[in-house]
Amino acid sequence: MRIIVCEDCGKRYNYEKDEFCPRCGAFNQPVKTWGVDAKGNVIRVDGVNEQNHAGSFVHKEVHHEKDVRRAKGLDWKTAGGRPASPQAGKRPAAAPEQKRSPVPLIAAIVGAIVIINMLISLLGI
């Protein structure tokens, strides 16, 4: 029994019993985490299957780049498998910027418009 949640109305229902949502009629396909290609190889939808590309150039390059990033402290973990130190490859943290309120700017613009209108009316232009 595969219970899925309708993306349109949020109702939970059994996909094997009803392919369409019983509340709103929307078709919601269940999430696939794997599939099979024409040759019978299992393909993961959420990532690459390591065994299918183990000897390829891309496999070697990706893992080489990952090793370099870990050695320089740019990855989540170092080459030894320990968490990277906070100082490894990072600049000192800057002070957080304070957000300015737009209210003073809006007040200044409105004030300038009022003054310009008063000058125009006094001069009779």
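Quick note: structure is the one above.
Note that the coordinates shown come from a computational prediction; the quantities given were computed from them, not determined experimentally. Along every chain, residues carry numbers that run from 1 in the direction the sequence is written. Only residues with pLDDT of at least 70 get local features here, since the model is predicted, and only at 80 or more are side-chain atom pairs given and counted; chain-wide, interface and lining totals rely on the full set of residues. Hydrogens are left out, water is left out, and the side-chain values use all remaining heavy atoms of the structure.

(A) Structural view of the overall build of the protein chain. Helix and strand definitions follow DSSP, with helices as H or I runs of at least four residues and strands as E runs of at least two, each counted in order from the N terminus. Across its full length, the protein chain holds 2 helices and 4 strands. Moving toward the C terminus, one meets the helices and strands of the protein chain in the order β-β-β-β-α-α. Taking all 125 residues of the protein chain together, 11% fall into the buried category. Of the contacts formed within the protein chain by residues at least 6 apart in sequence, a portion of 4% connects residues at least 24 apart. Areas reported as accessible are Shrake-Rupley estimates using a 1.4 Å probe. Residue values count occlusion only from the protein chains shown. Accessible surface for the protein chain amounts to roughly 11,200 Å². Of this, 59% is attributable to carbon and sulfur atoms. Under the scheme applied here, a residue whose accessible area is under 20% of the maximum for its type counts as buried, over 50% as exposed, and between as partly exposed, the area being computed with a 1.4 Å probe on protein chains only. Contact criterion: two residues are considered in contact whenever any of their non-hydrogen atoms come within 4.5 Å of each other.

(B) Quick look at the nonpolar core. Membership of the largest hydrophobic core is limited to 6 residues, which are Ile4, Cys6, Tyr13, Tyr15, Cys21 and Ala26. Setting aside residues no more than four positions away along its own chain, Ala26 makes contact with Cys6, Asp8, Tyr13, Glu19, Phe20 and Cys21. Within this scheme, the nonpolar core is defined by two criteria: the residues are buried Ala, Val, Leu, Ile, Met, Phe, Trp, Tyr or Cys, and they are joined through side-chain atoms within 4.5 Å.

(C) Just the packing of aromatic side chains, in detail. For Phe, Tyr and Trp, rings pair up if their centres lie within 6.5 Å, where Trp contributes its six-membered ring, and each pair is then called stacked (planes under 30 degrees apart), edge-to-face (over 60) or tilted (otherwise). Enumeration over the complete set of coordinates arrives at 1 aromatic pair. Ring centres of Phe20 and Phe27 lie 5.5 Å apart, and the angle between their planes is 55°; this geometry places the pair in the tilted category. Overall, the relative accessible area of 42% leaves Phe27 in the partly exposed class.

(D) The arrangement of the side chain of Asn28 in detail. Looking at the secondary structure, you find Asn28 in the loop between strand S2 (12–14) and strand S3 (34–36). Owing to a relative accessible area of 4%, Asn28 belongs among the buried residues under this scheme. Polar contacts, as counted here, are pairs of nitrogen or oxygen atoms within 3.5 Å of one another; within protein the pair requires one atom able to donate a hydrogen and one able to accept it, and residues that are adjacent in sequence qualify only if both atoms are side-chain atoms. From its side chain, Asn28 meets the backbone nitrogen of Glu7 in a polar contact 3.2 Å long. In terms of polar contacts, Asn28 uses its side chain to reach the side chain of Tyr13, at 3.3 Å. Sequence-distant contacts of Asn28, defined by excluding residues within four places in its chain, comprise Ile4, Cys6, Glu7, Tyr13, Tyr15, Glu19 and Cys21.

(E) A look at helix H2 (residues 103–123). Take the number of residues in a helix, subtract one, and multiply by 1.5 Å to get its expected span. Over its 21 residues, H2 extends 30 Å from the first C-alpha to the last, a length consistent with the 30 Å expected when each residue adds 1.5 Å. In the segment just after H2, Gly124 is the residue with positive phi, at about 70°.

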